[in-house]
Amino acid sequence: MDGKAASMRLGLYLNLYGDEADRPSLEDGVEQARLAEQAGFAWVVLGERHLHRPGYHEILTSATWLAAKTDRIGIATAGIVAPLYQPVVLGEALAHLDVLSGGRLTAGFVLGYRPEEFALYGVTQAERVARFEECLEILTRLWTEDEVTYDGKFTSIQEAFLSPKPVQNPRPRIWNGGRVSAMLERTARMCDGWTTSFNELDADLPGKIAEYRSYERGEGTLGAEVILCREGFAAPTTQEARQTLEEPLRDLYDAYTGWKRTSADASRYTQGWDDIVDRSIIGSPAECAERIQHYEELGADGIILRIQPPGMPQADALKAIEAFGNL
């Protein structure tokens with residue numbers, strides 16, 4: 001990245017979906033991650049989903065595999081559904097991922113919204129905020145303290161410690177994703193960065209960024225980064241970008257309409273192409289560079305690009321990754 005986009009850190013949101021036509025491994029994902037590393041991306045970013053019948057690669061083992069297959073690029077999650085996990089198990093697994101990757105982990109979390117996922121893990125959805133906060137408090141303390149005793153609502157530990165601890169000092173950075181005010185306050189208090197929704201409207205961003213940065217930061221937090229999640233696709237022309245991206249992206253959005261039936265932002269996945277473009281980084285290289293500059297001016301510190309919806313050929317995704325690297 002050596003042009004207008006050079007100052008903006010970019011992340012590649014990896015397609016972890018599977019279907020009958022896909023290869024049975026992360027071979028395509030590894031190829032994309034390696035290309036993103038060569039192209040100057042800051043992170044390869046993984047999401048989490050369960051109970052997806054065609055298949056979805058598990059987030060922690062996939063992140064570990066990608067760390068083993070790359071050398072420099074950051075390994076980030078956006079995000080792990082924290083309330084589903086036993087905090088010590090999650091904290092230990094993530095600490096060891098940071099060790100194995102040589103200090104490349106950024107741990108991003110979300111509350112989760114699918115009732116069937118909470119039922120799968122035996123977690124009451126009404127407890128998700130309390131479980132989230134307890135989980136992050138425990139894993140943060142395990143990462144930074146020599147010994148931890150904690151008596152919480154869901155977890156009690158006595159004289160617990162991790163060995164080895166994460167490589168990064170004082171710990172890996174923590175992101176949190178969501179869109180409501182309570183989440184923004186929680187992120188400022190407990191985390192180091194806010195990851196937006198992919199469908200957060202541009203018009204709403206200045207107000208939400210200002211709100212997030214207005215909340216008091218908690219003791220031990222490492223900053224107040226704003227990381228935008230955006231659909232991203234660069235092609236030689238605007239028309240070619242639309243021709244390649246629209247059908248697979250529309251299929252993904254149709255699926256989201258069902259998944260997010262209990263979420264307040266479900267209606268945003270039924271919008272037209274122009275509405276999607278207005279909150280994305282899609283088009284010719286010049287248009288994409290202009291959009292990245294626009295988001296930098298709004299106050300973004302980094303942008304996570306979802307380049308390959310399920311169903312997009314690998315060759316098209318690789319071309320777009322390379323195009324962003326050349327901006």
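Quick summary incoming for the structure in this document.

Reading the values: rules and limits
Residues numbered from 1 in each chain as written. Predicted model: local features only at pLDDT ≥ 70, side-chain atom pairs only at ≥ 80, totals over all residues. Heavy atoms only, no water. Helix = DSSP H or I, 4+ residues; strand = E, 2+ residues; numbered from the N terminus. Rg over C-alpha atoms; globule rule 2.2 N^0.38 Å. Buried < 20%, exposed > 50% of the residue type's maximum accessible area, 1.4 Å probe, protein only. Contact = heavy atoms within 4.5 Å. Areas by Shrake-Rupley, 256 points an atom, 1.4 Å probe, with all protein chains shown as cover. Pairing = 2+ DSSP bridges. 1 Å grid on protein atoms, 1.4 Å probe; cavity = no way out; pocket = protein on both sides within 12 Å on 5 of 7 lines; lining within 4 Å. Points joined across faces, edges and corners; volume = space filled by probe spheres on them. Nonpolar A, V, L, I, M, F, W, Y, C, P; charged D, E, K, R; others polar. Salt bridge = Lys/Arg side-chain N within 4 Å of Asp/Glu carboxyl O. Axes fitted to C-alpha atoms, helices over the stretch in contact; angles between N-to-C directions. Parallel < 35°, antiparallel > 145°, perpendicular 65-115°, else oblique. Left-handed = near helix turned anticlockwise from the far one by under 90°. Phe/Tyr/Trp six-rings, centres within 6.5 Å; stacked < 30°, edge-to-face > 60°. Lys NZ or Arg CZ within 6 Å of the ring centre and 35° of its normal.

This next bit is on the overall build of the protein chain. Helix and strand counts for the protein chain come out as eleven helices and twelve strands. For 327 residues, the compact-globule estimate of 2.2 N^0.38 gives 20 Å, and the C-alpha radius of gyration of the protein chain, at 19 Å, lies within 12% of that figure. Each principal axis of the C-alpha distribution contributes one length, and for the protein chain these read about 60 × 45 × 40 Å. Expressed as a percentage of the 327 residues in the protein chain, the buried residues total 54%. Sequence separation of 24 or more characterises 73% of the internal contacts of the protein chain that already satisfy a separation of 6 or more. Total accessible area on the protein chain stands at roughly 13900 Å², and carbon and sulfur atoms take up 48% of it.

Note on placement: glutamate 147 falls in the loop between helix H5 (128-144) and strand S6 (148-151). The exposure class of glutamate 147 is partly exposed, given its relative accessible area of 45%. Separated by 95 residues in sequence, glutamate 147 and histidine 52 have C-alpha atoms that sit 39 Å apart. Apart from residues no more than four positions distant in its own chain, glutamate 147 is found in contact with Glu159, Ala160 and Phe161.

Time to look at the pairing of strand S5 (residues 105-110). The buried fraction of S5 is high, at five of six residues. In this sheet, S5 lies alongside strand S3 (residues 74-77) in parallel orientation, the contact comprising two bridges. Bridge pairing in S5 links isoleucine 75 to leucine 105. As paired strands, strand S4 (residues 80-81) and S5 are joined by two bridges and run parallel to one another. When the sheet's bridge partners are listed, isoleucine 80 is paired in S5 with phenylalanine 109.

Summed over all chains, the structure comprises one cavity of 30 Å³ or more. Considering only enclosed or pocket space, the largest cavity measures out at about 40 Å³ in volume. Partitioning the lining of the largest cavity into residue classes produces seven nonpolar, two polar and one charged.

A few words now on the pattern of salt bridges. Enumeration according to the criterion identifies 17 salt bridges in this entry. Between glutamate 133 and arginine 186 there is a salt bridge, and its shortest N-O distance comes to 3.1 Å. Within this pair, whereas glutamate 133 is found in helix H5, its partner arginine 186 is found in helix H6 (residues 181-190), the two being separated by 53 residues in sequence. Since its relative accessible area comes to 6%, arginine 186 is described here as buried.

For the rest of this paragraph, the subject is the packing of helix H1 (residues 27-39) against helix H11 (residues 314-325). Orientation of H1 relative to H11, taken along the N-to-C sense of each, is 15°, at an axis distance of 9 Å. In terms of axis orientation, H1 runs roughly parallel to H11. Helix-helix and strand crossings are classified by hand; for H1 and H11 the assignment is right-handed. Packed against H1, whose contacting residues are Asp28, Glu31, Gln32, Leu35, Ala36 and Ala39, the element H11 presents Gln314, Ala317, Leu318, Ile321, Glu322 and Gly325 at the interface.

Looking now at the side chain of glutamate 117. Counting through the fold element by element, glutamate 117 comes out in helix H4 (residues 115-121). Apart from the residues lying within four places of it in its own chain, the contact partners of glutamate 117 are Arg49, His50, Leu51, Val81 and Leu84.

Using the criterion set out here, one finds five aromatic pairs in the structure. With 5.1 Å between their ring centres and 75° between their planes, tyrosine 13 and phenylalanine 198 make a pair best called edge-to-face. One end of the pair, tyrosine 13, is in strand S1 (residues 9-13); the other, phenylalanine 198, is in the loop between strand S9 (193-195) and helix H7 (205-214), with 185 residues separating them in the sequence. Here tyrosine 13 matches phenylalanine 198 in class, with each residue buried. Residues tyrosine 17 and tyrosine 56 carry aromatic rings whose centres are separated by 4.8 Å and whose planes lie at 85° to one another, so their mutual orientation is edge-to-face. Highlighted residues: tyrosine 17 in the loop between S1 and H1 and tyrosine 56 in the loop between strand S2 (43-46) and helix H2 (59-69), separated in sequence by 39 residues. The exposure class of tyrosine 17 is buried, given its relative accessible area of 10%. Across from the ring centre of phenylalanine 198, 4.0 Å away, lies the NZ or CZ of arginine 306, which sits over that ring.

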